[in-house]
Amino acid sequence: MAPGSSAPGGGDPGEKLQFQDVRRRYEFAECAFDAMPKEKDMPQIDGEMEAAINYCATTPSPEAQRMRAGFLARWRRRSSQLPPPEAGPCHVDLLEEMLQDLGIRGADTLLRHLRTGCPMSGVVGYEDIYSPGPPGEPEITEEELLRRQPDVLARSRQAIRADSPANKEAIWRSVQKELEAGFMVELQSPPANAVYLRRFVVRQVKSDEEIPRVKERACDDGRMSLINKAVRMSTPVKLDSADVFAEVARRVAVGAMARDPSSAFKFVGLDHKDAYRQLHARNDGLCRCVVAEEPATGRVRFFRMGRLSFGEAAAVVHYNAFAKVLARVVRRGLRLPLCQYYDDFAAPCPAGDDRALADVLELLQDILLTSFNEEKTAEGERFRHLGLVFTITSEGVEVAISAARRRGLVHMLEGVLARDSLSPGEAASLAGKLGFATSALFGRVGRVPLQPIFRRSNAATTFAGFRLGGDLEAALRWWMRTLAEDERCFRKTVPLQLVRPGEGTRYVLLTDACLFGLGAVIATISEGEVAAVEYFAHPVPQQGAGMTIHHLEFVAVTVAFRLWFGDEEDFAVSVWVDNDVVLGSLIQGRTRAKELRAPVHLFWERLARSRGNVWFDRVPGVDNIADLPSRLHHAWAGVPIRGILPTRRYVDQRVVDAAIAEVL
């Protein structure tokens, strides 16, 4: 369409060539040029962790080891002066003194629970450790909980009778093990205040190990017992997830390399033994009774559970509060940036620090008397943590799904496809594992193929004649092929130096579309200055006629990426669009619009292979400087942006055709 001619739908786009409108768009572009992700957009690190990171990164290993040795010697002496603890998950009196000495305030509630037992009903939380959540009360009272226990027991007996012999044997083994450990005691008959917990077994395939194995974990059904309805957590738990761990490692590397560019790094890790079972539960108001059948006799027996139990909602906040305090003691006392995710503890440190792991174990296990699985302690430059493999290189922190884990997932998918069947329960387990593979790598790869698997997991019933097909089979085959053949989709490098205003080369891209045109503007920012500004303005071809504005807006983004980032790798770009549907699909990697599912999926798949660092955000429509090119106007290009006149980039028709074909 020629500049200045009328556009379909009324109104003359030439009206937008008024100077003040262009000036307003120019001012927004000025802001966009400085709007790349910065430190504040990365996972948040508190002051305590930051101090440990700085010390670890800048202090020579011999000096750090001398400091830790002095700290440990002082607390060994103090431990010998105190009477040994009678019970509890650790030396609570010594922990209390240590917290006071280190200036860690606000653990009074936790210390009281460590001494007297953790409440499993009512409102529970640790506002001195976690941020408070929204106020509220439990769904049911303790009185209502106890009144409904006869029905709970009847349903528990029914479920136990229906369980398989193999499950009954596994459950009984777990009961015997916990009896020997003193975690529970048998009751001849349940008391009047009994809350019945049916025990069941969860089998986890450890697919990330070189030789996959099945791990059995005993869980107690807090949902069936209704005890989870009688509790409300007032403080949501905040954990050091994979992205936090990667950010801690990045900051350690940046600090150390600023001092010595040849610095090398490793990771150390520990696994808390028995985890939830280390903490005592309070059984004064309620007597939590595990219900299990003795396989040899078929007799149902009852056991009072004295510790926290997997499957009870309150156990999550109690245990993690304790584990977080232990991590904080290490951060302040040993000045190592230890991260905590449930019972997994890990920290990056200099490769030459050969005492880091031993010192953490001495503090937590030998002095504070909390138990760890020593066979699971590990250290190394390539470190497996939270199902991922972390490595610090000169380029950044590389995070990847291990080859063994990918092989395990492929094996699961092969089995499902060979059987031509997938139950809702299997679909839920598979979706969880694949979802972890997607979300843990800070990307959106595979979100669209996850949706059919999630839909199958939510099926109300299972019928014997179910067969794979359609979207579900296609999704399973995509996952199997990609996991087996394209490791780039499951590998991410967090660069040591983030792209900041004034540093490096990056791009700012704004796109737009109308019913008759596609447009985009891109600025190259080099060392904080605008080095070039390009744009394209292209009419919507015939095969795009009848497409919705959402589709056309997505085509504009796709054309821009094909045009400017076709084969480029490791680029950094902030993308600004004014269509909320398109923005949401780009950010989330999925969409409710069926027509956009395939292009969203293909977009993220290509982006993962390019390893581009992309940030999506919204520009108000009136401020979108790509609006005029999308309406096929070129006169605006005479207005300089930071002294640079925009130059037109001509688009090969094949690029547009390919982008539209993905959406059609």
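Residues numbered from 1 in each chain as written. Predicted model: local features only at pLDDT ≥ 70, side-chain atom pairs only at ≥ 80, totals over all residues. Heavy atoms only, no water.

(A) Quick look at the overall build of the chain. Summing up its helical and strand segments, the chain has 20 helices and 21 strands in all. Among the 664 residues that make up the chain, the fraction classed as buried is 54%. A fraction of 75% describes how many contacts in the chain between residues 6 or more apart in sequence connect residues 24 or more apart. Counting every atom, the chain has about 28,800 Å² of accessible surface; 50% of that belongs to carbon and sulfur. (Helix = DSSP H or I, 4+ residues; strand = E, 2+ residues; numbered from the N terminus. Buried < 20%, exposed > 50% of the residue type's maximum accessible area, 1.4 Å probe, protein only. Contact = heavy atoms within 4.5 Å. Areas by Shrake-Rupley, 256 points an atom, 1.4 Å probe, with all protein chains shown as cover.)

(B) Just helix 15 (residues 470–485), in detail. A rise of 1.5 Å per residue sets the reference length of helix 15, with its 16 residues, at 22 Å; its end C-alpha atoms lie 23 Å apart and thus fit the reference within 8%. Among all positions of helix 15, only Leu472, Ala475, Leu476, Trp478, Trp479, Met480, Thr482 and Leu483 are buried. (Expected span 1.5 Å × (residues − 1).)

(C) Highlighting helix 2 (residues 47–58). Its 12 residues give helix 2 an end-to-end C-alpha distance of 16 Å, which sits within 8% of 16 Å, the value for a rise of 1.5 Å per residue. Within helix 2 the residues assigned to the buried category are Glu48, Met49, Ala52, Ile53, Tyr55, Cys56 and Ala57. On its buried side, helix 2 packs onto helix 3 (61–81), helix 9 (242–259), helix 10 (313–334), strand 9 (339–341) and strand 10 (344–350). Of the residues that open helix 2, the one with a side-chain oxygen 3.3 Å from the backbone nitrogen of Glu48 is Asp46. (Polar contact = N/O pair within 3.5 Å; in protein donor to acceptor, adjacent residues only side chain to side chain.)

(D) View of the packing of aromatic side chains. This structure, assessed with the given rule, holds 18 aromatic pairs. Between the aromatic rings of Tyr276 and Tyr319, the centroid separation amounts to 5.3 Å while the plane-to-plane angle is 40°, which identifies the pairing as tilted. Of this pair, Tyr276 sits in the loop between strand 6 (265–271) and strand 7 (287–294) while Tyr319 sits in helix 10, placing them 43 residues apart in sequence. Side by side, Tyr276 and Tyr319 carry an identical accessibility label, which is buried. (Phe/Tyr/Trp six-rings, centres within 6.5 Å; stacked < 30°, edge-to-face > 60°.)

(E) Molecular detail of the confidence of the model for the chain. Across the chain, the average pLDDT comes to 82, with 83% of residues at or above 70. A low-confidence stretch, residues 36–41 stays under pLDDT 50, and its non-local contacts, those more than four residues away or across chains, total 18 contacts. (pLDDT = per-residue confidence, 0-100.)

(F) Quick look at the packing of helix 12 (residues 403–419) against helix 15. Between helix 12 and helix 15, whose axes approach to 9 Å, the crossing angle comes to 150°. It follows that helix 12 is roughly antiparallel to helix 15 by the angle criterion. The handedness of the crossing between helix 12 and helix 15 comes out as left-handed. Contacts between helix 12 and helix 15 involve Arg406, Leu409, Val410, Leu413, Glu414, Val416 and Leu417 on the former and, on the latter, Glu473, Leu476, Arg477, Trp479, Met480, Leu483 and Ala484. (Axes fitted to C-alpha atoms, helices over the stretch in contact; angles between N-to-C directions. Parallel < 35°, antiparallel > 145°, perpendicular 65-115°, else oblique. Left-handed = near helix turned anticlockwise from the far one by under 90°.)

(G) Summary view of the sheet that holds strand 6. One open sheet accounts for four strands, arranged 9-10-6-11; its pairing is antiparallel. The open sheet has two free edges, formed respectively by strand 9 and strand 11 (378–380), since each of these has just one partner strand. Going from strand to strand, the sheet's axes swing by 20° on average, the running direction of each strand aside. (Pairing = 2+ DSSP bridges.)

(H) Expanded view of the side chain of Ser61. Here Ser61 is to be found in helix 3. Owing to a relative accessible area of 14%, Ser61 belongs among the buried residues under this scheme.

(I) Fine view of the pairing of strand 13 (residues 388–392). Among the five residues of strand 13, five are classified as buried, and the element is accordingly described as predominantly covered. Alternating residues of strand 13 divide into Leu388, Phe390 and Ile392 and Val389 and Thr391, and every residue in both groups is buried. Hairpin remark: strand 12 (residues 382–385) followed by strand 13, antiparallel, with two residues in the connecting loop; positive phi at Leu386, about 55°. Here five bridges tie strand 13 to strand 14 (residues 396–401), and the two strands are oriented antiparallel to one another. Looking across to strand 14, one finds that Phe390 is bridged to Val399. Between the end of strand 13 and the start of strand 14, which pair antiparallel, lie three residues.

(J) View of unusual backbone geometry. Even without being a glycine, Tyr342 presents a positive backbone phi close to 55°. With respect to the helices and strands, the residue Tyr342 is situated in the loop between strand 9 and strand 10. Residue Tyr342 is classed as partly exposed on the basis of its relative accessible area, which comes to 29%. Unlike most non-glycine residues, Asp420 shows phi in positive territory, near 60°. Mapped onto the elements of the fold, Asp420 is located in the loop between helix 12 and helix 13 (424–439).

(K) Here's a closer look at the packing of helix 3 against helix 11 (residues 356–367). Where helix 3 meets helix 11, the axes come as close as 11 Å, and the angle between the chain directions of the two elements is 15°. Considered as vectors, helix 3 and helix 11 are oriented roughly parallel to each other. Classified by chirality, the crossing of helix 11 by helix 3 is left-handed. Every residue of helix 11 that contacts helix 3 at Arg68, Phe71, Leu72, Trp75, Arg76 and Ser79 is listed here: Ala356, Asp359, Glu362, Leu363 and Ile367. Looking at the contact of helix 3 with helix 11, its residues break down into six nonpolar, one polar and four charged. (Nonpolar A, V, L, I, M, F, W, Y, C, P; charged D, E, K, R; others polar.)

(L) Layout of the environment of Val619. The topology assignment puts Val619 in the loop between strand 20 (613–618) and helix 19 (627–630). Along the backbone, Val619 and Asp580 are 39 residues apart, and their C-alpha atoms lie at a distance of 9.8 Å.

(M) Here's a closer look at the side chain of Glu293. By the secondary structure assignment, Glu293 is in strand 7. Residue Glu293 is classed as buried on the basis of its relative accessible area of 12%. A polar contact is formed between the side chain of Glu293 and the side chain of Lys168, at a distance of 3.3 Å. Residue contacts for Glu293: discarding those within four places in its chain leaves Ile160, Lys168, Trp172, Gly298, Arg299 and Val300.

(N) Summary view of the environment of Leu102. Tracing the sequence through the fold places Leu102 in helix 4 (residues 92–102). Separated by 226 residues in sequence, Leu102 and Arg328 place their C-alpha atoms 9.5 Å apart. If sequence neighbours within four positions are ignored, Leu102 has contacts with Phe71, Val329, Arg332 and Gly333.

(O) Main features of the pattern of salt bridges. This structure, assessed with the given rule, holds 32 salt bridges. The closest approach of N and O atoms between Glu293 and Lys168, which form a salt bridge, is 3.3 Å. Of this pair, Glu293 sits in strand 7 while Lys168 sits in helix 8 (residues 165–181), and the two are 125 residues apart along the sequence. Looking at Lys168, the relative accessible area reads 15%, which means it is buried. (Salt bridge = Lys/Arg side-chain N within 4 Å of Asp/Glu carboxyl O.)

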